[in-house]
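Per-entry structural report
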Amino acid sequence: MKNKNKTVWSKRLKGKTSKSFQRIGSSINVDKRLYKQDIFASTVHTQMLVKQKIIPFNEGKKIINGLKKIKSQIDKGKFIFHEKYEDIHLNIEKKLFDIIGPSAGYMHTARSRNDQVVTDFKLWVKESSKDILNDITNLMKILIKKAEPNTDTVMPGFTHLKNAQPISFAHYLLAYYEMLNRDKKRFQNNLVLLDESPLGSAALSGTSYKIDRNFTSKKLGFRKPTNNSIDSVSDRDFAIDFLYAAAVCAMHLSRLAEDFIILNSDAFKLIYFNDSVLTGSSIMPQKKNPDPAELIRGRVGINYGKLSSILTIMKGLPMSYFKDLQDDKALVFEGYDTLKDTLTMSSELIDNLKISKDRMYKMANEGFTTATDFADYLVKEKKMTFRESYGISSQLVNFAEKKEKTLNEISLDDLKKLYRNLDKSVLKVFDVKNSMNAKNSYGGTSANNVKKMIKKYKKDTR
Ligand code: ARG
């Protein structure tokens, strides 16, 4: 066959492509990940061309059968990708010629690689967003599972990393449930925004063939065709939104990881992990290091990098398609891979998490964490303003600090020296569990509240 091993533009471009440009300019090693989407979109496009009588039925049939064979070859790892044919679209078209001969020439009627690539890419982002959504939901379920037996487990809550007020371990963990729930909405929102098919926009101006864009749009699972062919081939908002959602989600998990690293540190010793998620040291025999948490914390940097790169590539890009856009896919694929690993490691870490309830309880009593409760008691029982009671409670803290005591170790007699009109009913406010359970405002840390919230969360993640 005379066109064997020729590029599609070989009649126009006579000179041989430079070896280095061929390597640098080809995207096949990255965009081969789009092969399923590309074959699906080409199949639907061909069905439409047949239905619209733009190409003969028999030719369409040959094309679709050929595409099936190519898919199975790639599935089985038997397909050889060539840099020479640049990308997944031309590699597949070239192979189609090998398999069915000149009939393959009908396939690229009324389309361009410009609408082809963005259609494939949108399909990929759709599918991968759903996959990420599953992983996030799974992680949320693991959080619920860990939280449920710990609605009565008291630990110190921190602000400025200084002991602040007693909270439950469940309530702390479920803060991350809320973050992940917002992450899901960001991915879901992108699924709504990207739900328009660009196929049929061709190079940039549309096409003079009587194509049926509603047909292809519907068959590909999009809500409707895009409205403007120029925007269609140069829009990458869906990739940016995906990378933004991924970056925010990775940021949330880096906070979780950092929390875990701190709470697991020898200074805190509040949480532990099973050995399956730890590493040792090559020199210090005693070490048990929480490496996965450190990888999660660090890799958010990769997710930020991908987002920043794509925003920069898109900035100032005139209408419409330019080769700059080819590099969008590596960014999104790597952003996806990184977040996926981060989600997997987060799930495993939480699954393998153990806690020291005793240390948590002890630490919840340190740092005068019930000082606010005492001030609140004086407001409610002694009709003071908060600023007045805050002053008295501050004096109590100064006194306890000097005596090196926790607030629940101060005797009623000593309390009375600060404020005369007190009886033993005040002592309960210095109990950290009472303090926790007193926070029963909506969204607060009381066990009752958190139990109700867990019920709701369970229903929401079913
Ligand atoms: N490999 C290209 C990309 O990823 C496909 C589109 C090529 N279009 C073109 N006019 N060169 O963007």
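Now for a look at the structure at hand. What you see is a predicted model, and the numbers here were worked out from it, not measured in a lab. (Residues numbered from 1 in each chain as written. Predicted model: local features only at pLDDT ≥ 70, side-chain atom pairs only at ≥ 80, totals over all residues. Heavy atoms only, no water.)

**Side note on the packing of helix H6 (residues 113–147) against helix H7 (residues 169–193)**
For the pair H6 and H7, interaxial distance at closest approach is 9 Å and the crossing angle is 165°. Overall, the two elements H6 and H7 adopt an arrangement that is roughly antiparallel. Crossing of H6 over H7 shows left-handed handedness. Class assignment of the residues belonging to the contact of H6 with H7 gives a composition of 17 nonpolar, five polar and five charged. (Axes fitted to C-alpha atoms, helices over the stretch in contact; angles between N-to-C directions. Helix = DSSP H or I, 4+ residues; strand = E, 2+ residues; numbered from the N terminus. Parallel < 35°, antiparallel > 145°, perpendicular 65-115°, else oblique. Left-handed = near helix turned anticlockwise from the far one by under 90°. Nonpolar A, V, L, I, M, F, W, Y, C, P; charged D, E, K, R; others polar.)

**Quick notes on the packing of helix H10 (residues 237–264) against helix H12 (residues 328–351)**
Taken N-terminus to C-terminus, the directions of H10 and H12 make an angle of 30°; their axes are 10 Å apart at the nearest point. Taken together, the axes of H10 and H12 are roughly parallel relative to one another. The two elements H10 and H12 cross, and the hand of that crossing is left-handed. Residue-level inspection shows Ala239, Phe242, Leu243, Ala246, Cys249, Ala250, Leu253, Leu256 and Phe260 of H10 in contact with H12, the latter providing Leu331, Val332, Gly335, Tyr336, Leu339, Thr342, Leu343, Ser346, Leu349 and Ile350. Taken together, the residues of the contact of H10 with H12 sort by class into 16 nonpolar, three polar and no charged. (Contact = heavy atoms within 4.5 Å.)

**Overview of the site of the ligand**
As a matter of local geometry, the ligand sits amid Ser27, Asp31, Asp87, His89, Arg113, Asn114, Val117, Tyr321, Gln326 and Lys329. At a separation of 3.5 Å, a nitrogen atom of the ligand approaches a polar side-chain atom of Ser27. Relative to its unbound accessible surface of 340 Å², the ligand loses 86% to contact with the protein. The biggest single contributor to the shell around the ligand is H6, with three residues. (Near = heavy atom within 4 Å. Polar contact = N/O pair within 3.5 Å; in protein donor to acceptor, adjacent residues only side chain to side chain. Areas by Shrake-Rupley, 256 points an atom, 1.4 Å probe, with all protein chains shown as cover.)

**Looking at a positive patch on the surface**
On the surface, a cluster of positive charge is made up of Lys6, Lys11, Lys14, Lys16, Lys19 and Lys84. We classify Lys6 as partly exposed; its relative accessible area is 39%. (Patch = residues over 30% accessible without salt bridge, like charges linked within 9 Å, V, L, I, M, F, W, Y side chains within 5 Å. Salt bridge = Lys/Arg side-chain N within 4 Å of Asp/Glu carboxyl O. Lys, Arg positive; Asp, Glu negative; His and termini not counted. Charge placed at Lys NZ, Arg CZ, Asp CG, Glu CD. Buried < 20%, exposed > 50% of the residue type's maximum accessible area, 1.4 Å probe, protein only.)

**Considerations on empty space enclosed by the protein**
Summed over the entire model, instances satisfying the criterion amount to two cavities of 30 Å³ or more. Size it by volume and the largest cavity reaches roughly 50 Å³. What lines the largest cavity is simply Lys6, Thr7, Val8, Trp9, Lys84, Tyr85, Leu90 and Lys94. A class-by-class count of the residues in the lining of the largest cavity yields four nonpolar, one polar and three charged. Around the second largest cavity, the lining residues are Ala364, Asn365, Phe368, Thr369, Thr370, Thr406, Leu407, Asn408, Phe430 and Val432. Partitioned by chemical class, the residues of the lining of the second largest cavity number five nonpolar, five polar and no charged. (1 Å grid on protein atoms, 1.4 Å probe; cavity = no way out; pocket = protein on both sides within 12 Å on 5 of 7 lines; lining within 4 Å. Points joined across faces, edges and corners; volume = space filled by probe spheres on them.)

**Some details on the packing of aromatic side chains**
Under the definition given, this model contains 13 aromatic pairs. Seen in terms of ring centroids, Phe374 and Phe430 are 5.5 Å apart; in terms of plane orientation they differ by 40°. Their pairing is tilted. Pair noted here: Phe374 is in helix H14 (residues 371–382) and Phe430 is in the loop between helix H16 (412–418) and helix H17 (432–438), with a separation of 56 residues, a long-range link. Grouping aromatic residues by their ring pairs yields a cluster made of Phe121, Trp124, Phe238, Phe333 and Tyr336. We note Lys95 situated over the ring of Phe79; from NZ or CZ to the ring centre the distance is 5.4 Å. For Arg387, the ring lying beneath its charged end belongs to Tyr390, and the centroid distance is 4.8 Å. (Phe/Tyr/Trp six-rings, centres within 6.5 Å; stacked < 30°, edge-to-face > 60°. Lys NZ or Arg CZ within 6 Å of the ring centre and 35° of its normal.)

**Quick notes on the nonpolar core**
Tyr172, Phe187, Phe260 and Ile271 are the most contacted members of the largest nonpolar core, which totals 102 residues. If one sorts the elements of this core by residue count, H10 sits on top with 17 residues. When residues no more than four places from it in sequence are discounted, the contact partners of Tyr172 are Met155, Ile167, Leu256, Asp259, Phe260 and Leu263. Phe374, Ile392, Ile410 and Val429 belong to the second-largest nonpolar core, a separate cluster that totals 17 residues. (Core = buried A, V, L, I, M, F, W, Y, C linked by side-chain atoms within 4.5 Å.)

**Thoughts on the pattern of salt bridges**
According to the stated counting rule, one finds 24 salt bridges in the structure shown. A salt bridge links Lys340 to Asp131; its shortest N-O distance comes to 3.1 Å. In this pair, Lys340 is assigned in helix H12 and Asp131 in helix H6, connecting sequence segments 209 residues apart. Assessed through its relative accessible area of 22%, Lys340 is described here as partly exposed. Taking relative accessible area as the criterion, Asp131 reaches 23% and is therefore assigned partly exposed. Here Asp414 makes a salt bridge to Lys417, at a shortest N to O gap of 2.8 Å. Separated by three residues within a single helix, Asp414 and Lys417 lie in helix H16, roughly one turn from each other. You can call Lys417 exposed: its relative accessible area is 66%.

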